[in-house]
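Here's the letter readout for the chains.
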Amino acid sequence: MKAEEIIGIALFSDDASEIIKVIQRNIDRLDEYILAACAHAIGHLARRFTVDVSELRGRIMQGAVEFGGSKFLAGAIVDMDDDIAHFKRK
């Protein structure tokens, strides 16, 4: 699955479980762009649905260790964390 497909499903699917399955299928791939897409998808999931994303976030953080110098991935993680924090308060 391509990064843009992961994000597209997170944006347009009305089924939280479908989004979670897509993230789970792709989160362990050793590709910083796929991992960044999963981070964005987790942010969209937190924004659109009332679900606990802590386990998925933890897996992103574990995978991010492989790409410690990636500003691209770091930006995706910051966006994800902002979405989680913002929509958890509502």
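Bear in mind that the values here come from a model prediction, so they are computed numbers and not experimental data.

How each quantity is defined
- Residues numbered from 1 in each chain as written.
- Predicted model: local features only at pLDDT ≥ 70, side-chain atom pairs only at ≥ 80, totals over all residues.
- Heavy atoms only, no water.
- Core = buried A, V, L, I, M, F, W, Y, C linked by side-chain atoms within 4.5 Å.
- Buried < 20%, exposed > 50% of the residue type's maximum accessible area, 1.4 Å probe, protein only.
- Helix = DSSP H or I, 4+ residues; strand = E, 2+ residues; numbered from the N terminus.
- Contact = heavy atoms within 4.5 Å.
- Phe/Tyr/Trp six-rings, centres within 6.5 Å; stacked < 30°, edge-to-face > 60°.
- pLDDT = per-residue confidence, 0-100.
- Axes fitted to C-alpha atoms, helices over the stretch in contact; angles between N-to-C directions.
- Parallel < 35°, antiparallel > 145°, perpendicular 65-115°, else oblique.
- Left-handed = near helix turned anticlockwise from the far one by under 90°.
- Nonpolar A, V, L, I, M, F, W, Y, C, P; charged D, E, K, R; others polar.

Overview of the nonpolar core
Line of reasoning, step 1. Core analysis: the biggest nonpolar cluster contains 29 residues, and Ile23, Ile42, Leu45 and Ile60 have the highest contact counts within it.
Line of reasoning, step 2. Of all the secondary structure elements, the ones that give two or more residues to this core are helix 1 (3–12), helix 2 (16–26), helix 3 (32–48), helix 4 (54–64) and helix 5 (71–89).
Line of reasoning, step 3. Here this core takes 10 residues from helix 3, the largest share from any one element.
Line of reasoning, step 4. When residues no more than four places from it in sequence are discounted, the contact partners of Leu45 are Ala16, Ile19, Ile20, Ile23, Val51, Val53 and Leu56.

Brief notes about the packing of aromatic side chains
Line of reasoning, step 1. The final tally for this structure, using the stated rule, is one aromatic pair.
Line of reasoning, step 2. Considering the side-chain rings of Tyr33 and Phe72, the 4.9 Å spacing of their centres and the 50° angle between planes classify their relative orientation as tilted. Highlighted residues: Tyr33 in helix 3 and Phe72 in helix 5, separated in sequence by 39 residues.
Line of reasoning, step 3. Accessibility expressed as a relative area gives 45% for Phe72, which makes it partly exposed.

Notes on the confidence of the model for the protein chain
Line of reasoning, step 1. For the protein chain, per-residue confidence averages 94 on the pLDDT scale, and 98% of positions sit at 70 or higher.
Line of reasoning, step 2. Looking across the protein chain, the model is least confident in helix 5, with a mean pLDDT of 91, and most confident in helix 2, with 97.

Brief notes about the packing of helix 1 against helix 2
Line of reasoning, step 1. Interaxial distance between helix 1 and helix 2 falls to 9 Å at its minimum, and their mutual angle equals 160°. Taken together, helix 1 and helix 2 sit at an angle that is classed as roughly antiparallel. For the pair helix 1 and helix 2, the sense of crossing is left-handed. Only Glu18, Ile19, Val22 and Asn26 of helix 2 make contact with helix 1, whose side of the interface consists of Ile6, Ile9 and Ala10.
Line of reasoning, step 2. Its residues placed into classes, the contact of helix 1 with helix 2 shows five nonpolar, one polar and one charged.

Let's talk about the packing of helix 1 against helix 3
Line of reasoning, step 1. Packing of helix 1 against helix 3 brings their axes to within 8 Å, and their N-to-C directions diverge by 0°. One element, helix 1, and the other, helix 3, form an angle in the roughly parallel class. For the pair formed by helix 1 and helix 3, the contact residues are Ala3, Ile6, Ile7, Ile9, Ala10, Leu11 and Phe12 on the first element and Tyr33, Ile34, Ala37, Cys38, His40, Ala41, His44 and Arg48 on the second.
Line of reasoning, step 2. Partitioned by chemical class, the residues of the contact of helix 1 with helix 3 number 12 nonpolar, two polar and one charged.

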